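A look at the structure
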Amino acid sequence: ADPSGLIIEITENIVAVGDDSETALYRFKERGLRLALDDFGPGQTSLLFLRRFPIDILQIDKTFVQQGDRDPADRAILQSVIGLAHDLGLVVIAEGIETRPQLELLSELECDLAQGFLLSKPAPAIQATQAIERGRRRLARRASDRVAAQ
């Protein structure tokens with residue numbers, strides 16, 4: 001099995017522990033696993049962690065997303081964090097999307113992925129898997145339609 005499909009979410013508490021956690025994270029990477037830094041922003045996470053640890057994905061905490069479409073400071077933070085993460089080669093996920101204006105803002109800021117109640121409520125694994133499969137089929141049909149239209 002291909003381990004690159006597995007993503008381990010870590011929090012700032014894990015990366016703040018010290019050298020043992022850093023060694024473990026590099027071992028995960030050597031095995032082909034991907035690492036996501038969850039809830040980035042509201043805690044004590046240092047920008048140094050983005051450089052020091054082998055992170056693939058940065059998950060922006062909902063505290064910045066919730067007001068980003070209304071608060072210029074949160075919008076500026078979102079724009080800066082997304083730009084910085086992209087410059088570091090990271091995929092960016094915004095958490096806690098609850099409204100269409102939030103989703104539109106994140107799309108405008110070129111955030112890679114989004115999660116939140118607007119998109120889906122928590123679901124059992126079987127329902128989530130079925131929803132993913134339906135989405136893949138829709139994307140495949142759209143791609144096929146675009147090719148046919150050319």
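What comes next is a walk through the structure. All values reported here derive from a predicted model rather than from experimental measurement.

1. Comments concerning the nonpolar core
Among the nonpolar cores identified, the biggest contains 25 residues, and Leu37, Ile55, Leu58, Ile60, Leu78, Ile82 and Leu106 are the most heavily contacted of them. Residue assignment for this core shows that the elements contributing at least two residues are strand S2 (34–40), helix H3 (47–52), strand S3 (57–60), helix H4 (62–68), helix H5 (72–87), strand S4 (91–94) and helix H6 (100–108).

2. Focus: the side chain of Gln102
As for its placement among the helices and strands, Gln102 is situated in helix H6. Of note is the side chain of Gln102, whose polar atom sits 3.1 Å from the backbone oxygen of Gln66. A polar contact is formed between the side chain of Gln102 and the backbone nitrogen of Thr99, at a distance of 3.1 Å. Beyond its immediate chain neighbours, meaning those up to four positions away, Gln102 contacts Val65, Gln66, Asp69, Gly96 and Ile97.

3. Focus: the pairing of S2
Here is the key point about a regular strand: its side chains alternate between the two faces of the sheet. Of all seven residues in S2, five are buried, a share of seventy percent or more. Bridge count between strand S1 (residues 7–10) and S2: four bridges; the pairing is parallel. Bridge pairing links Glu9 to Ala36 in S2. With three bridges connecting them, S2 and S3 associate as parallel partners. Residue pairing across strands places Ala36 opposite Ile57, the latter belonging to S3.

Cut-offs and rules
- Residues numbered from 1 in each chain as written.
- Predicted model: local features only at pLDDT ≥ 70, side-chain atom pairs only at ≥ 80, totals over all residues.
- Heavy atoms only, no water.
- Core = buried A, V, L, I, M, F, W, Y, C linked by side-chain atoms within 4.5 Å.
- Buried < 20%, exposed > 50% of the residue type's maximum accessible area, 1.4 Å probe, protein only.
- Helix = DSSP H or I, 4+ residues; strand = E, 2+ residues; numbered from the N terminus.
- Polar contact = N/O pair within 3.5 Å; in protein donor to acceptor, adjacent residues only side chain to side chain.
- Contact = heavy atoms within 4.5 Å.
- Pairing = 2+ DSSP bridges.

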